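Structural features, examined
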Amino acid sequence: MIEFITIPGVILILGAAVISFFSEKIRPALFLAFPVIAAVVILTRPENYTVTGSLLNYDLVLMQTDALSNLFGIVFALGALLAGIYAYHMKELGQQISALTYAGGALGVVYAGDLLTLIIYWEIMALASTWLIWARRTPETDASGMRYLIYHILGGGLLFAGILWHSVVEESIAVESIPMEYTPANILMLLGVAVNTAIIPLHTWLSDAYPKATQTGTIFMSIFTTKTAVYVLIRMFAGWELLIFFGAAMAVYGIYYAVICKDMREILSYHIISQVGYMVCAVGIGTDLALNGAAAHAYNNILYKSLMFMAVTAVMYSAGSSKMFHLGGLYKKLPWVLGLYVVGGLSISGIPLFAGFISKGMVIDAAGYGGYETIMLVLLVASVGTWLSVGLKLPYFTWFDKEEYTGELKPIPVNMYIAMGILAFACIFYGVFPNALYTFLPFETGYEPYTVYHIVEILQIALLTFVAFWFLRKKLAPELTTVLDLDWFYRKAAPAVRRVFVFRVDRFYDDVEEAILAMARFLSEKFKNPMQWLNPFTDKKNEASRYSPSMEVVMSFIILSFLVFAIVYFI
Amino acid sequence: MKTIHWIILGIIFVITLVLEFTVLAGYDSHWWNAIPAFYAIFGFVICYALVYSAKFIAKKIVNRDINYYD
């Protein structure tokens, strides 16, 4: 029992229950205690520590540690802690509970040793995170949250169906690497995980919901869902070649939308898809270097992506809008936020001395040296787009472009700066000391990021992309637009869908009901007095109440019986 | 961007070119290593291509009025 409540995921979920008993003043601080406890537990557990239990006939492995799960476990605990610090000023109980439960679900998935435990935490994540969208309480976010929830229930259902099928066929529910065979069970599981990984074309829940979630909610969301799914991909689907092409497609797809979009949170949300694309691609390549790259990139991405989301959320908190159309010229008024954002921007673009450089290069090299040179070039295109969209365009039109921002600005709480400062420090720290991260990676590859070739490569790309951006910047000027994506098909198609699946079905049931009633009416009419049609050769009124059996009826039954007997006997 | 900024960027660019033609002169692991200053050209061309194609996609396909879904 004591072992059970020291499982990191359980700690956070219990924590979510505990904080609900405390007052608004203590709650934000208490929130922070649980990720810290989880981190301590993770750091003090020996290698290959397991906790087992059982459910019905299944032997469950509730917790299992190794290098890969610890890497994700630590960064999830760290992410929950820093997002908690960032949200320290936010007093709403519902959001605090759902955020902590959500983080607990993510940690639970990372340490789950069997697929049944995994699916339970998986569903907890989907349910808990939905509240972070609904908590805005606007009609728009109500609808968006519902779409998000339906999408995740679909994904969870596919995964669960795959797990059940897999458990029957393979007689195993262990979370382990699956050989690349396109059996129904494997396809179902891969589809279920693909939904959470936002693999195109199953990505629209992300770009739809993340920009609409609550301000602090988006920070939590950007950390957990996709990265948990990447963890499961690394665990189970390493070396599935199909993922290479989908990953590369995601990397470019996300970039295009990041270049097109004009809302800071939309840009960063689409950019998550692009970044996760790198990881998915690396999982598909499946070499030691590639898997290390996927894990390291997920780790770093949590650091700098949440830093960037925090910075734009700080601007949004202060200026009251996340649309760049309303912003611009903020560099004098929010210089620190700009500085912190730029650290994230340089990191994500893989500039030397920042965190992204030490992991992105790993993925790109894994493609280049794994026999996928075209894929390597595609990933480099995505690198150019990353630098262009979130490294240059977003900060330029938010902090510069205009002489000075003239609107009202709310002061930004200190706790936001603390969280961003820690993350910015971490981004630079890992960039300068890559071995601090490399020693915790699951494989030994001897990869060396700081070679002359890597530095020349990235600096030439970054410098000339900047020059091109400078010439073209007016073309990217912000405007107020809605950008369509594949979710158009289920958002705009809603009336048609309703016609087919609601009205048609309704009408069908109506018709069937009508037919049944008509039949009942007909039968009750006819059987009220069967003598009317059993004995039509009389002009007497055949009223059932007055009827007495007469000879003719008896005779006709005798003849009928004789006829039936004769037919059966002679044939 | 002041002139000094451009000069700094120019100096960094020249350093990368010098490194490419000295330290990396014999480097040959991908077919494109034979093209001088490949990554610089790549960054510039791809950036132009991305901006113009994204602009085209936005205009022709995906951009709608801000209240489109309301």
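First, a word on what this report is: a plain description of the structure on this page. (Residues numbered from 1 in each chain as written. Chains lettered and ligands numbered in written order. Predicted model: local features only at pLDDT ≥ 70, side-chain atom pairs only at ≥ 80, totals over all residues. Heavy atoms only, no water.)

What describes a pair of aromatic rings is the distance from one ring centre to the other and the angle between the planes of the rings. Per the counting criterion, the structure on display carries 40 aromatic pairs over all chains. Geometrically, the ring pair formed by B:Phe38 and B:Tyr39 is edge-to-face, given 5.4 Å between the ring centres and 70 degrees between the ring planes. The pair formed by B:Phe38 and B:Tyr39 is uniform in burial state, with each residue classed as buried. Joined through ring pairs, the aromatic side chains of A:Tyr453, B:Tyr27, B:Trp31, B:Trp32, B:Phe38, B:Tyr39 and B:Phe42 make up one cluster. Over the aromatic face of A:Tyr49 sits the side chain of A:Arg45, whose NZ or CZ is 4.8 Å from the ring centroid. Sitting above the plane of the A:Trp470 ring, A:Arg473 keeps its charged end 4.0 Å from the centroid. (Phe/Tyr/Trp six-rings, centres within 6.5 Å; stacked < 30°, edge-to-face > 60°. Buried < 20%, exposed > 50% of the residue type's maximum accessible area, 1.4 Å probe, protein only. Lys NZ or Arg CZ within 6 Å of the ring centre and 35° of its normal.)

Residues and elements named next belong to chain A. The interhelical angle for the contact between helix α7 (residues 184-197) and helix α9 (residues 215-236), taken along N-to-C directions, is 145 degrees, at an axis separation of 7 Å. Where α7 crosses over α9, the two elements pack in a sense that is left-handed. Side by side, α7 and α9 meet where Met189, Leu190, Val193, Asn196 and Thr197 of the first sit next to Thr225, Thr226, Ala229, Val230, Val232, Leu233 and Met236 of the second. Counted by class, the contact of α7 with α9 contains 8 nonpolar, 4 polar and no charged residues. (Axes fitted to C-alpha atoms, helices over the stretch in contact; angles between N-to-C directions. Helix = DSSP H or I, 4+ residues; strand = E, 2+ residues; numbered from the N terminus. Left-handed = near helix turned anticlockwise from the far one by under 90°. Contact = heavy atoms within 4.5 Å. Nonpolar A, V, L, I, M, F, W, Y, C, P; charged D, E, K, R; others polar.)

This part is about the packing of helix α11 (residues 264-285) of chain A against helix α15 (residues 373-399) of chain A. Axis angle and axis distance: for two packed helices, these are the angle between their axes and the distance between the axes, and together they describe the pair. All names here are of chain A. Orientation of α11 relative to α15, taken along the N-to-C sense of each, is 160 degrees, at an axis distance of 11 Å. Classified by the angle their axes make, α11 and α15 are roughly antiparallel. With respect to the hand of their crossing, α11 and α15 are arranged in left-handed fashion. Every residue of α15 that contacts α11 at Met264, Ile267, Leu268, His271, Ser274, Gln275, Tyr278 and Cys281 is listed here: Ile375, Leu379, Ala382, Ser383, Thr386, Ser389, Val390, Lys393, Leu394 and Thr398. Here the residues of the contact of α11 with α15 are counted per class, giving 10 nonpolar, 7 polar and 1 charged. (Parallel < 35°, antiparallel > 145°, perpendicular 65-115°, else oblique.)

Distances and angles like these do not, on their own, reveal function.
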